[in-house]
Amino acid sequence: MIEEGKPLFVQIAEEVEDSIIDGSIAEEAQAPSTNELAAFYRINPATAAKGVNMLVDKGVLYKRRGIGMFVSPGARDLLLSERRSLFALRYVQPLLAEARKIGLGPADVADLIRVSAEPTTPTTPTTPTTPPTLEPSDRRTS
Amino acid sequence: MNPVIEVRNLTKRYKDTLALDNVSFDIQKDTIYGFLGRNGAGKTTAMSILTAQNLPTSGQVRVFGENPYENARVLSRMCFVRESQKYPDDATPRHAFASARLFFPRWDQELADELIDEFQLPLKRTIKKLSRGQLSAVGVIIGLASRAEITFFDEPYLGLDAVARQIFYDRLLADYAEHPRTVLLSSHLIDEVSNLIERVLVIDAGRIIMDESTDDAREQATNVVGDAATIERALQGREVIHRESLGRVASITFLGRLDDAERAALTAAGLELAPVSLQQLIVRRTQQRTPHHDALAASDVTQEGVSR
Amino acid sequence: MTALDSGNVTRPAASHSRTLNVVRLQFVNTQTFIWVPALVLGGAWVVTMLIYWILQGAGVDDVKIGGGSQAPLWYFLAVGIQAMTMTFPFSQAMSLTRREFYIGSLAAAGVSGLGMAVVFVLLGLLERATDGYGMNGYFAYLEWVWEAGPLAAGLTYFVLTMFFFIIGFWSATIFKRFGTARLVMVLLGIGLVLVGLAALVTRQQAWPDVWSWFIDTGSLGLTLWAVLVSALLAAGSYLTLRTMPA
């Protein structure tokens, strides 16, 4: 899981973000503590704390005095829009760079994506090509 | 910043070797340090002097603001686990732990018992009959359970298998999280400990060549692979600390960070960028004198300038 | 088992309790400090008794005096050496100061030496009461040592024990710190000084005066001199240890 090249605390923050995006930690639910993160990922607690603080600064987590860290309302939307804006940079550009190296143009790549996304057998459910719809977030207040 | 140890102009000369060459550094409170360097670089000498087990030739050491030499008040707050620790001849692990309990005011017997269990350490066998790994386990248990405010582990893992080392790392982290304290961990297994340590202190040939946060150290160098001529052009002016080549393909490690634009430019030129692990970085920077040594020495000065 | 096994240790803090704990640390080596000295003393006593018994059987009724009770004293050289070499490195791992370690080790030797002295005095009293076990044979009751009474005899025995311990401890310190060559040089130096003194006495033809001084001073007086010499040696030994790397 832990890889070189990205600061460790950023990776920890992204792990927590992933849990929020996939809904395994709901908004307003308690987030894992610094020490829990440190023990789970086997990293220095100071590094975990740095990751958590980064999420606090971003408004993804907030602190309840004496209790711990909680997921801010609206955190999931915030993270989704951030990830979507990063999607091109992180995934599409490397894809195009590799394609260029082996002589494929953007149109070829687009075709390949379309083909890969199509069901291979009738039993496989269709993969949505549109971005996943947002959950209704009626609990949002602020 | 809240240093618990302050070292100034520390020099230690043995008959014909200079083990420590005018080193100065601080150790911050409640921080886990990786104290790294090659064999004979001066790690053990430095730790011996900090714990007053050895005396400096010149220079100053302050621990908790005082000179540690013959100072029971300071010494009782420290624990030094040596790789080659000697024990009394008739002593068993039980004796060693009973002694440690007498002398370390924050000794936690419960933790010691748990660790004895986890390491499956035979308590009643004399220590001289223990295996190398069991001997190391005795030291590790004393180091963890003493909960000293400053704990030095000098290559504590010799003979410990991967499972036992993982127990040590996990226990160190867990206990540190609950009872923050200062730890200096000297190790050659840099990859294994790199996620545990908050700061790195690297010593080479008796001099401190790195003293910075682990995060900063990780970003200090980058590796680039690709067409040799392209790389040479792209990296002009950079400090190269390692190069290898295979035909026309070169792999070059250089110091300094890249901004996003530079990154994109290199990638666009068909070069592959890869991060340099802490272990690789330290291996490169403490390698035997290479033709690049002078460039390195120059970069040391700038590094120090930055980290002060 | 040993002193350290007795559970219920209170939390240590002050330096004097740390020094006392060094005694317990040293007594981890029960063999060094208790069993071997007891064995040497007991063995010497048994052998002496056997010899007296054989002599008695052969019809020798004279007063029989043996030097067997010296044996355990010499053994304290070895105790001193082991107290230093075995336990000093571990004492450093226990974050002790050299002073705590040294005073604690002396105290440990003192406990052991006191035990020896008590046994010595009890044996002597027994011999005095039974006219040498009814064999006119004496192991501990040596008239010259006992001339100032049982307490003085015990003191003499105790002081000699400590004297040998300190010499052993210092020699081991010099050996560990400077190596064999230096130790041999120191011992040779001491030998030379002693020979020089002997030569001086011989040249001045003062041997009769020296002997009469020894006799006049008596065992108690000599013991007090030995206390002084031991104290000087102890100070020297500490100074050597004080700046010794672990």
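Residues numbered from 1 in each chain as written. Chains lettered and ligands numbered in written order. Predicted model: local features only at pLDDT ≥ 70, side-chain atom pairs only at ≥ 80, totals over all residues. Heavy atoms only, no water.

### Things to note about the interface of chain A and chain B
Counting residues at the interface gives 15 residues for chain A, matched by 17 residues for chain B. Buried surface at the junction of chain A and chain B, both sides included, amounts to about 1,400 Å², of which 52% is carbon and sulfur. One can count two salt bridges joining chain A with chain B. One can count four residue pairs in polar contact (both at pLDDT 80 or more) joining chain A with chain B. (Contact = heavy atoms within 4.5 Å. Buried area = accessible area lost by both parts, 1.4 Å probe. Salt bridge = Lys/Arg side-chain N within 4 Å of Asp/Glu carboxyl O. Polar contact = N/O pair within 3.5 Å; in protein donor to acceptor, adjacent residues only side chain to side chain.)

### So, the pairing of strand S7 (residues 182-186) of chain B
Residues and elements named next belong to chain B. Taking burial as the measure, the five residues of S7 include five buried ones, the bulk of the element. Side chains Thr-182, Leu-184 and Ser-186 project from S7 onto one buried face, and the interleaved Val-183 and Leu-185 project onto a second face that is buried too. As paired elements, strand S3 (residues 32-36) and S7 share four bridges and run parallel to each other. Across the sheet, Gly-34 pairs through a bridge with Leu-185, a residue of S7. Note on the crossover from strand S6 (residues 150-154) through helix H6 (residues 162-178) to S7: the handedness is right-handed. (Buried < 20%, exposed > 50% of the residue type's maximum accessible area, 1.4 Å probe, protein only. Helix = DSSP H or I, 4+ residues; strand = E, 2+ residues; numbered from the N terminus. Pairing = 2+ DSSP bridges. Right-handed = clockwise from strand over helix to strand, strands pointing away.)

### Here's the deal with the domain arrangement of chain A
When cut into domains, chain A gives domain 1 (8-71) and domain 2 (87-117). Distance from the C-alpha centre of domain 1 of chain A to the C-alpha centre of domain 2 of chain A: 34 Å. (Domains from an automatic or database assignment.)

### Observations concerning the pattern of salt bridges
Residue and element names in this part refer to chain A. Under the counting rule described, the total for this entry stands at 29 salt bridges over all chains. Salt-bridge contacts for Arg-64 lead to Glu-28; the nearest nitrogen and oxygen are separated by 3.6 Å. Taken together, the residues Arg-64 in strand S1 (residues 61-64) and Glu-28 in the loop between helix H1 (8-21) and helix H2 (34-41) connect sequence positions 36 residues apart. Overall, Arg-64 belongs to the partly exposed group, its relative accessible area being 32%.

### Looking at the sheet that holds S6(B)
Residue and element names in this part refer to chain B. Strand order in the open sheet made by the six strands is S5-S6-S7-S3-S8-S9, with mixed pairing throughout. Both edges of this open sheet fall to strand S5 (78-81) and strand S9 (207-213), since each of them pairs with a single strand only. When the angles between neighbouring strand axes are averaged without regard to direction, this sheet yields 15 degrees. Pairing of strand S8 (residues 199-204) with S9 involves six bridges; the strand directions are antiparallel. Each residue of the ladder has a partner; that of Asp-204, found in S9, is Arg-207. Across the sheet, H6 touches S3, S6 and S7, and the angle it forms with S7 is around 165 degrees. (Axes fitted to C-alpha atoms, helices over the stretch in contact; angles between N-to-C directions.)

### Points about the packing of aromatic side chains
Applying the stated criterion across every chain yields a total of 25 aromatic pairs over all chains. Here the aromatic rings of Tyr138(C) and Tyr141(C) are separated by 5.9 Å at their centres, their planes lie at 50 degrees, and the arrangement is tilted. Its relative accessible area of 11% is what places Tyr138(C) among the buried residues. Aromatic ring contacts, followed pair by pair, group Phe88(C), Phe101(C), Tyr102(C), Phe165(C), Phe169(C) and Tyr238(C) into a single cluster. Taking NZ or CZ as reference, Arg64(A) lies 3.9 Å from the ring centre of Phe70(A), over its face. Its guanidinium or amino end placed over the ring of Phe64(B), Arg77(B) lies 3.6 Å from that ring's centre, counting from NZ or CZ. (Phe/Tyr/Trp six-rings, centres within 6.5 Å; stacked < 30°, edge-to-face > 60°. Lys NZ or Arg CZ within 6 Å of the ring centre and 35° of its normal.)

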